[in-house]
Each structure stands twice: as structure tokens, then as C-alpha cells.
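Structural overview for review
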Amino acid sequence: MSNIAIKRLLTAQEFNQAVELQKIYWGTDASNLVPRHVLHTICHHGGHLLGAYDGPQLVGFVMGFFGTATDPESLETPDACRAASNLLIMSKRMLVLRQYRGRNIGFKLKMAQRDIALKQGIDLVTWTVDPLLAANAHLNFRKLGAISGQFAVNYFDYSDSDSLSADRLIVHWRVKGKRAQACASGCRSGRTLQQCLDENTPIANVFRESGPAIAPGALSQLADSDSALVEIPPDIRHLAEQNPQVARRWRLHIRELMGRLIESGYVVCDFVSAVERRRRRAFYFLGRR
């Protein structure tokens, strides 16, 4: 297996490679692509595009640019928030070619992004994630030590037919924090699913089997517990191909459940999974603020 090199992209040729890589994942519709000239502007004005290379081949990348936690509406008031005091890095468009997944490339890209944030003196890196993508949840909350206390319905304001696919968790990664430091050094020892069950952590949604697929069941009562587990399918894309009706029910279910839990004071702070009765099960672990 060849070594994967992480490097910062700065040239027109490298930006062209990134555009072509986007087409593999998002298609050729120009409205879904970040064009070369925008990549150039971002990367030459404080932002970055980090690429994962297998020899000369670009097999993955992540983009980041300066942003602020300031509410856009507050800028219209005389007492506008100071953007500099809320400076962050907005991480966007991380992808790894399918045949290269499972090789820790996403983690290496995020660690390289963390290094940039530390050098720039920025503590917070944020991004959005589809709440039904178990592999992404494992990376974000388990391996990186990020958290999420925000759930956005139809984050991108898509049309009604596509709005469910645009629901997002807003991820916050404090790169100077103890959690991120422990993950970066390989010292973080996260809980296991069995430990959660042994501690009687309540499961907020009880699954039921529907043929070959898992379908969401009725919501359970948490009784003001300090922690909770939320189950999601281990592979929503495969489920959507095999049983789109069940996949849609999962999206509606997670929209209702995750929004309700976060609104009531829970924060996503870990992700656990295990094989149980020859079926992989995947859960968000949530704690109270």
C-alpha cells in the first residue's frame, strides 16, 4: 500500500485537480462545484485547500476559509458584533475517493487542518454534516473529538423534494481543547456501546426490523436523563438504494428526534457502534449541556 501525502494546494494545476475530483462525487452540474478561480482566491487570502495524494493522483481534499460566528442579522444593527472576536475556520467539501476510504485519510486531512488553525491562532473549526452518515459521525465525534449542539432543518434551503437531504448537524471542533488534543495524540479512550448499555444509558429511539432493513421505531421517554443514545442506520446510502421508503422514514424520524433532543439541552459528543446479532448498529451519544 503506497503512502498518502498531505499537501497544501496552491497552483492552477492543483486547483484543476480539485475541480475534477469534485465532479466524481457531486457530478458535472456547475452549480454543485467550487470553481478554480474561487479556490485560488480562498487559498491566497488566508484560506486553504489540503490535498491527499497517492503519488501524482489527488485522492481527497478538504477546504477551509475564514468565517465568523456573528449572526448575519446583527450586522444590520448599530451595535454589530465584532467579527474578529468570533473568528473561526469554516471547513467545507471534504471528500475521499471511495476506493481510498478506510485508510485514515479523512483523519489526516483534518489533523493537517488543525495544524493550520493552531498556526493562525484560531480555536474553532466548524462544518456541517448529514446526521445520517455513520462513517462521518465516527470521524467527527469519535476520532476528532468534535461536538454538536445545533441541528439545522434544510440547511441549504433546498426545494421541498430535496429538503430532507439538506438537514445538518453543525459541528464545532475546539482544536485547542482537551478532547481534540487527546484525539490528536491518540490518547482519547472513548466509551464503547456495551459500556453505554451497562450504564443503562437510555436509547431515545427503539429500532424495529423491516425485512432486510432497520426502520425507526417509536420515541422512548428519557426521563430527564443526563445522557442518551440515538440510533442511525450504519449505511444510509446502501439503505436508500435498497429501500428508499425506509430511508426516507429514517430522515423524517431523525429530523424530529435530533431537533427535539438538542432543543431540550442535549449535545452530540460521541459516536459508538458494534456488531450485535450479526448486524452492525450505530449510535450517537448525547450528553446534557
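The structure contained in this document is the topic of the report that follows. Just so it is clear, the structure is predicted and the values come from calculations on it, not from any experiment. (Residues numbered from 1 in each chain as written. Predicted model: local features only at pLDDT ≥ 70, side-chain atom pairs only at ≥ 80, totals over all residues. Heavy atoms only, no water.)

A few words on the overall build of the chain. Looking only at helices and strands, the chain features eight helices and 12 strands. For the chain, whose C-alpha radius of gyration is 20 Å, the value lies close to the compact-globule estimate of 19 Å for 289 residues. Dimensions of the chain, computed from the C-alpha atoms along their principal axes, are close to 50 × 50 × 45 Å. Buried positions account for 47% of the 289 residues belonging to the chain. Restricting to contacts in the chain with at least 6 residues of sequence separation, those with at least 24 account for 68%. (Helix = DSSP H or I, 4+ residues; strand = E, 2+ residues; numbered from the N terminus. Rg over C-alpha atoms; globule rule 2.2 N^0.38 Å. Buried < 20%, exposed > 50% of the residue type's maximum accessible area, 1.4 Å probe, protein only. Contact = heavy atoms within 4.5 Å.)

What follows concerns unusual backbone geometry. Backbone geometry follows two general trends: most residues other than glycine have a negative phi, and most peptide bonds adopt the trans configuration. Phi is positive for N104, close to 70°, though the residue is something other than glycine. For N104, the location among the structural elements is in the loop between β4 (87-96) and α3 (105-119). For N104, a relative accessible area of 33% corresponds to the partly exposed category. Backbone geometry at N154 places phi at a positive 50°, although glycine is not the residue there. With respect to the element layout, N154 can be found in the loop between β6 (147-152) and β7 (168-174). The class for N154 is buried, based on a relative accessible area of 17%.

Attention now goes to the pattern of salt bridges. Tallied over the full model, the rule gives 12 salt bridges. With a shortest N-O distance of 2.8 Å, K7 and E14 are connected by a salt bridge. Using a relative accessible area of 36% as the deciding quantity, one classes K7 as partly exposed. Note on E14: relative accessible area 10%, which makes it buried. (Salt bridge = Lys/Arg side-chain N within 4 Å of Asp/Glu carboxyl O.)

Applying the stated criterion to the full structure yields six aromatic pairs. Aromatic pair W127 and W173: ring centres 5.8 Å apart, planes at 80°, arrangement edge-to-face. Of this pair, W127 sits in strand β5 (residues 124-129) while W173 sits in strand β7, placing them 46 residues apart in sequence. Relative accessible area serves as the criterion here: at 7%, W127 is assigned to the buried category. A ring pair is formed by F156 and Y158, whose centres lie 5.7 Å apart and whose planes are at 25°; its orientation type is stacked. Accessibility expressed as a relative area gives 29% for F156, which makes it partly exposed. Within the aromatic cluster, the residues linked to one another by ring pairs are F141, F271 and Y284. Here the guanidinium or amino end of R93 rests over the ring plane of W26, the centre of that ring lying 3.9 Å away. The positively charged end of K110 is found above the aromatic ring belonging to W127, 3.5 Å away from the centroid. (Phe/Tyr/Trp six-rings, centres within 6.5 Å; stacked < 30°, edge-to-face > 60°. Lys NZ or Arg CZ within 6 Å of the ring centre and 35° of its normal.)

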